[in-house]
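Here is what each chain is made of, one letter per residue.
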Amino acid sequence: QVQLVESGGGLVQPGGSLRLSCAASGSIFKLNVMGWYRQAPGKERDLVASTTSGGSTNYGDSVKGRFTISRDNAKNTVYLQMDNLKPEDTAVYYCYAALTELSGPNFGDRELWGQGTLVTVSS
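Cut-offs applied
- Residues numbered from 1 in each chain as written.
- Predicted model: local features only at pLDDT ≥ 70, side-chain atom pairs only at ≥ 80, totals over all residues.
- Heavy atoms only, no water.
- Helix = DSSP H or I, 4+ residues; strand = E, 2+ residues; numbered from the N terminus.
- Buried < 20%, exposed > 50% of the residue type's maximum accessible area, 1.4 Å probe, protein only.
- Pairing = 2+ DSSP bridges.
- Axes fitted to C-alpha atoms, helices over the stretch in contact; angles between N-to-C directions.

A negative phi angle characterises most non-glycine residues, just as the trans form characterises most peptide bonds. Phi angles above zero are rare outside glycine, and N76 is one such case at about 50 degrees. Within the secondary structure, N76 sits in the loop between strand 7 (67-72) and strand 8 (77-82). Residue N76 is classed as partly exposed on the basis of its relative accessible area, which comes to 24%. You will see that N84, though not glycine, has its phi angle at about 50 degrees, which is positive. Within the element layout of this structure, N84 appears in the loop between strand 8 and strand 9 (91-101).

Moving on: the pairing of strand 1 (residues 3-7). The two faces of strand 1 differ: L4 and E6 on one face are buried, but Q3, V5 and S7 on the other face are not. Direction of pairing for strand 1 relative to strand 3 (residues 18-25): antiparallel, over a ladder of 5 bridges. Paired with S7 across the two strands is S21, which belongs to strand 3.

Hydrogen bonding along the main chain pairs the strands of a sheet, whether they run parallel or antiparallel. Taken in spatial order, the 4 strands line up as 1-3-8-7 in an open sheet, and their pairing is antiparallel. Edge positions in the sheet fall to strand 1 and strand 7, since each of these pairs with one other strand and no more. In this sheet, neighbouring strand axes are inclined to one another by 15 degrees on average, regardless of whether the strands run parallel or antiparallel. Where strand 7 lies against strand 8, 6 bridges are found, and the strand directions are antiparallel. Residue pairing in the sheet places R71 in a bridge with V78 of strand 8.

These figures capture arrangement, not role.
Encoded structure:
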């Protein structure tokens, strides 16, 4: 089966930068949409950024101009470059993928979530 593995979270000071990575691997599949959501304690999970296989992007209002999503289709990997981080960016960040499995008993459309990686912005 396909799985998403995230990395890159950690502790950073306000104004600093981090880059998150999420790689999809497993059975034969086609990635349609990949993106990032985040969830702070007591709050709902909200969209941070997403990108399609064709390269179009979408950003949440609070991160526009500070975060950049990119995608390496050859590696089935999506990145989130986070610059000028603010304390309110502190959250668990979850990778998301909408994909189609192309072989095996699980053939069909799937939506997957990564395990989450914690980003803490604090001085």
